[in-house]
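Coordinate inspection notes
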Amino acid sequence: MLRTLRRICSVGIVTEPLTAGDESLRIREALQAQVREVLGRALCIRHVDAGSCNGCELEIHAVANPVYNIEGAGIRFVASPRHADLLLVTGPVSAHMEIALRRTYEAMPDPKLVVAIGDCGCTGGIFGESHASRGRVSNVLPVDAAVPGCPPSPTRILQGILTAIGR
Amino acid sequence: MSGRWWDDAYQVNGALPVRRLSVTAEEWRPCASGLAAAGGRLLSLWVVPGTPDTAPALVRAAVAIASGVLVLELSVADQVRGGAAEGSTGAGNYPGLEAIFPGASRMQRAAYDLCGVRSTDPDRRPWLRHAAWPADWFPLQGAGDAQVAAGAVVDDYAFLRVQGDGVHEIPVGPVHAGIIEPGHFRFSVVGEKVLRLETRLAYTHKGIERRFAEIGLFEGHRLAARVSGDSSVAYSWAYCQALEGLAGCTVPPRAAWLRGLMLEAERIANHLGDLGALGNDAGFAFGLAQFSRLKEHWLRAIEALFGQRYLMDAIVPGGTAVDVASDVVQRFVGHAGQLAHDVCALRQIYEEHDGLRDRFATTGSVSPTLATWLGIIGLAGRASGQAHDARVDWPTPPYDDVTPAIVVRSYGDVAARIAVRFDEVLESCRLVARLAGGLPEGPSRAEVALPTAPAFGLGVVEAWRGPVLVALDAGPGNRVLRCHPHDPSWQNWPALEHAVIGNIVPDFPLINKSFNLSYSGHDL
């Protein structure tokens, strides 16, 4: 226990401070202000992997790490679409995930936002459209913001969320 | 079987010791049994569809043996053609290997879904095909137009039902309560105790194997890197290994060492993520915070060295797309040293924590005997006494110079899979220093000639999860005839189903995470 506490103290707070000049941090600050203004409470995000290679998931995980600290900006990931304001969708939408994706979207209360993550979510990426892939997310759901990248960095993901709630 | 009959098999060109042997339908099973008896493990089974009237379909089984990889090849003339599936599949087109290698069952079902070649396996349920395309159309058969089922529908999959007083089912997924890939788990439970788990996968099936044949041979490494985004270095390396082998290209030493550096960096990043998530799944949020911080800084170090956090397009045919400056490499080595120090400190905390010990030890056990029988490979296999690692078993540059220490545990529970990860992170940090320190001078890329005739190549790279395999039939010219990428998750998903038996439902997330198997790499 003592070792754990010592570790916590020695590592300290690693969330990057809200200084001007660092692009990624201005985004966190702007996000926090937007969320407070638009919602007056935490922004709740539900993520659905609609067929991705798992690369985008790793970077979505990263936005929740202590360095980007998305919860500190008033944003949290929720387990149920019933609790979500925003749907974060990765991957080309596989034919096998189309129904699950639509049902998740339908289960969300209005008003709701959709952000497509990654090159595949934006365009279908290298997988394209086929018997097994519906391609870009907007082929299946209305999309409010799309974040390119393979995978997009945590900063770009935060930017995409900001774009969507600023609409 | 008298021993070593396989030594005379045709040698496949490439860095890896691969042999290929055509067998008859009568020899197919005895050969597989002989290999299994000699300690052979099934790496992958796949089908290369034939063309009407000209070429028969080929069923291939890649088996890992001490001296390398042996690919058994069986010609099957009577594959099911599109539009004729019903009624014509009576006895099956070739003898199934599921009784010899249990992992073969799902691979055989998948091969039928994609190619229309059926094994004698009595389990005839579709595996990769849900209801997205008609049952009598096979995506990999010829160049026929893609067929799409009219409108999205949910199909009815015949899960095995468990019956008895108080038994009920818990269906979970495909959408899970977290930032993870989709799949369906069907638990049969009494109270909190799991009697049986049956997984249903292929939700992320996006037609990768058909796609390979649509893009050029010299574009394939980019698709390979995206088979499973957490193993992009391993997959793109395995693809390039197969391509370079069939094209007769030897990569420059510097390129091989840079690839090794990338592979170990990828292993470290994934293990750090898992170690944090495993702490979190046992209620120890401190672990997640600490390890995800270490992972973030490690990804930034990778970016500083190679220009990307995740190395999607860093490995290219003939070498690497990026080279590194010596001062940046030195900083990277310094970072790896500090990381090893931090990981040791956190390991001590994990090991001394009573709550974690209580959750990890004896949870989700797979005994070495069961692991051998199931043919579990990679990290999960090594945690259950299966002492195999492609880097050590069949060393190719740079691992012929820089030999990794193989990490093995025999107790096979969540704690063992965590211990293997801790040891492997530290070992990979050591390898990073050795690889960076001995980085040869010279070019980091060689020319790869277009094949002038159809040729076969095979690549196997030990990814963080286990050996990934890429089998490539290519040429002439810039053409992919058939490319089959294979993830170790194929063998290990059935192991998860065994590991969870008798455990309580709330321990499932922990057990699942301790395997951390790929969906995308499996679903293709």
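Residues numbered from 1 in each chain as written. Chains lettered and ligands numbered in written order. Predicted model: local features only at pLDDT ≥ 70, side-chain atom pairs only at ≥ 80, totals over all residues.

**Observations regarding the domain arrangement of chain B**
All names here are of chain B.
- Segmentation of chain B into domains returns domain 1 (5–115) and domain 2 (208–523).
- Taken together, the elements giving at least two residues each to the side of domain 1 that touches domain 2 come down to β2 (18–23), β3 (41–48), β4 (57–65), β5 (68–76) and α2 (104–115).
- When residues in the side of domain 1 that touches domain 2 are grouped by element, the largest group, six residues, is from β3.
- When the residues that make up the side of domain 1 that touches domain 2 are grouped by side-chain class, the tally is 16 nonpolar, five polar and four charged. (Domains from an automatic or database assignment. Helix = DSSP H or I, 4+ residues; strand = E, 2+ residues; numbered from the N terminus. Nonpolar A, V, L, I, M, F, W, Y, C, P; charged D, E, K, R; others polar.)

**Structural notes on the pairing of β4(B)**
All names here are of chain B.
- Most of β4 is tucked away, with eight of its nine residues classed as buried.
- Pairing geometry for β3 and β4, over seven bridges, is antiparallel. Following the sheet pairing, L42 is matched in β4 by V63.
- Note that β4 and β5 share nine bridges and pair antiparallel. Bridge pairing in β5 places A61 opposite L72.
- Connecting the antiparallel pair β4 and β5 is a turn made up of two residues. (Buried ≥ 20, exposed ≤ 12 C-beta atoms within 10 Å, placed from the backbone. Pairing = 2+ DSSP bridges.)

**So, the sheet that holds strand β13 (residues 480–486) of chain B**
Residue and element names in this part refer to chain B.
- Taken in spatial order, the three strands make up an open sheet running β11-β12-β13, and their pairing is antiparallel. Here the strands that pair on one side only, and so sit at the sheet edges, are β11 (455–462) and β13. Averaged over all pairs of adjacent strands, the angle between their axes in this sheet comes to 10°, without regard to strand direction.
- Packed on one face of the sheet, helix α5 (residues 232–247) meets β11, β12 (467–474) and β13 and runs near 145° to β11. (Axes fitted to C-alpha atoms, helices over the stretch in contact; angles between N-to-C directions. Contact = placed C-beta atoms within 7 Å.)

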